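Each chain, letter by letter, is given below.
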Amino acid sequence: MKRIHFLAAELFSYSYDNYRNHLGIGNVRFDKLMPEGAALLERAEKEGWSDEQIAAESDFKLEQVPYWREKIREALAVVDAESPAQLFLRGVRASVEHALSEGLDDEKSVNNLVGQICYRAADLSCVLKQEDEPLWKYSAELRSRADDISDLDHDFNFDE
């Protein structure tokens, strides 16, 4: 997969493996439309386009543009991470932030978040396979995040 395909997968909420499986089989949506949408939003972000300009140049309705701006920023942060470990960490953080904004207050929402984290692990596996790199190479980088949060003052109350 090329960078634009990873960006489109992030933007349109597909796992990397699922997106890869749809490439090159004549599926115009995955081969052409989604990458074009991602490229347009990335260009708009880099060039500082107005919401009106994005709506005029795309199929996005004006009232949807703020949502897509947020999605492309998140997708760029994940895809353009400095390393596969950072890609994974940023993806997990985005999933957790989304779950918290939707409400993480019952078993179903917790199970959904766990599922999203599993998808992020699968995405990391896809990236590592493409780059022909082992996970252990990023073990210290991933563990360092655990060290960062262990120093924070936590006041969790799961009974609320």
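Position numbers for residues start from 1 in each chain and track the written sequence from start to end. This being a predicted model, a pLDDT of at least 70 is required before a residue's local features are given, and a value of 80 or more before pairs of side-chain atoms are given or counted; all residues contribute to the totals for chains, interfaces and linings. Side-chain numbers come from the whole structure's heavy atoms, not from hydrogens or water.

A. Broad picture of the overall build of the protein chain. Secondary structure elements are defined from DSSP: runs of H or I of at least 4 residues count as helices, runs of E of at least 2 residues count as strands, and each element is numbered from the N terminus. In terms of regular secondary structure, the protein chain is built from eight helices and zero strands. Ordered by position from the N terminus, the helices and strands of the protein chain form the series α-α-α-α-α-α-α-α. Overall, the C-alpha framework of the protein chain stretches about 45 × 40 × 30 Å when taken along its three principal axes. The classification of residues rests on relative accessible area computed with a 1.4 Å probe and restricted to protein chains. Under 20% of the type maximum is buried, over 50% is exposed, and intermediate values are partly exposed. With 160 residues in all, the protein chain has 36% of them scored as buried. Taking all contacts inside the protein chain whose residues are at least 6 apart in sequence as the whole, residues at least 24 apart take part in 54%. Here the Shrake-Rupley method, with its probe set to 1.4 Å, supplies the accessible areas, and only the displayed protein chains count as covering residues. Surface summary for the protein chain: the accessible area is close to 10500 Å², and the carbon and sulfur share equals 51%. By the counting scheme adopted, Arg and Lys are positive, Glu and Asp are negative, and His together with the chain ends is not counted. Where a charge lies is defined by one atom per residue type: Lys uses NZ, Arg uses CZ, Asp uses CG and Glu uses CD. Side-chain charges of the protein chain comprise 19 positive and 33 negative groups, with the mean position of each set lying 7 Å from the other. Here, residues are in contact when the closest pair of their heavy atoms is within 4.5 Å.

B. Quick look at helix 3 (residues 28-47). With 20 residues, helix 3 extends 27 Å between its outermost C-alpha atoms, agreeing within 8% with the 28 Å of an ideal straight helix rising 1.5 Å per residue. Turning to helix 3, its buried residues number three or more, namely Phe30, Met34, Pro35, Gly37, Ala38, Leu40, Leu41, Glu42 and Ala44. Buried residues in helix 3 make contact with helix 1 (3-11), helix 2 (16-22), helix 4 (51-57) and helix 5 (65-79). For the purposes of these results, a polar contact is taken to be a pair of N or O atoms within 3.5 Å, where, inside protein, one atom must be able to donate a hydrogen and its partner to accept one; residues adjacent in sequence count only when each atom of the pair is a side-chain atom. Where helix 3 begins, one side-chain oxygen reaches toward the backbone nitrogen of Arg29, 3.2 Å away; that side chain belongs to Asn27. At the C-terminal side of helix 3, Gly48 shows a positive phi close to 70°. In this analysis, the expected span of each helix is defined as 1.5 Å times one less than the number of residues it contains.

C. Here's a closer look at the packing of helix 1 against helix 5. Angular values range over 0 to 180 degrees, each being the angle between N-to-C directions of two axes fitted as lines to C-alpha atoms, with helices fitted over their stretch in contact. Following both chains from N to C, one finds helix 1 and helix 5 inclined at 130°, their axes separated by 9 Å at the closest point. Considered as vectors, helix 1 and helix 5 are oriented oblique to each other. Between helix 1 and helix 5 lies a crossing whose hand is right-handed. Here Arg3, Phe6, Leu7, Glu10 and Leu11 of helix 1 come into contact with helix 5, specifically with Trp68, Lys71, Ile72, Ala75, Leu76, Val78 and Val79. In terms of residue class, the contact of helix 1 with helix 5 is built from nine nonpolar, no polar and three charged. Working rule for angles: under 35 degrees goes down as roughly parallel, over 145 as roughly antiparallel, 65 to 115 as roughly perpendicular, anything else as oblique. Handedness of a helix crossing follows the sense of rotation of the near helix relative to the far helix, less than a right angle counterclockwise being left-handed and clockwise being right-handed. Each residue is assigned to one class: nonpolar for Ala, Val, Leu, Ile, Met, Phe, Trp, Tyr, Cys and Pro, charged for Asp, Glu, Lys and Arg, and polar for all the others, Gly among them.

D. Molecular detail of unusual backbone geometry. Phi is positive for Ser13, close to 60°, though the residue is something other than glycine. By the secondary structure assignment, Ser13 is in the loop between helix 1 and helix 2. Its identity as a non-glycine residue notwithstanding, Asp132 has a phi of 55°, on the positive side. Among the structural elements, Asp132 can be located in the loop between helix 7 (107-130) and helix 8 (139-150).

E. Structural view of the pattern of salt bridges. One side-chain nitrogen of Lys or Arg within 4 Å of one carboxyl oxygen of Asp or Glu is enough to make a salt bridge. Under the definition given, this model contains eleven salt bridges. A salt bridge links Glu36 to Lys32; the nearest nitrogen and oxygen atoms lie 2.5 Å apart. You can see Glu36 and its partner Lys32 sitting in helix 3, four residues apart, about one turn around the helix. On the basis of relative accessible area, Glu36 is assigned to the partly exposed category, the value being 42%. Taking the shortest distance from any N to any O, the salt bridge between Glu97 and Arg93 comes out at 2.9 Å.

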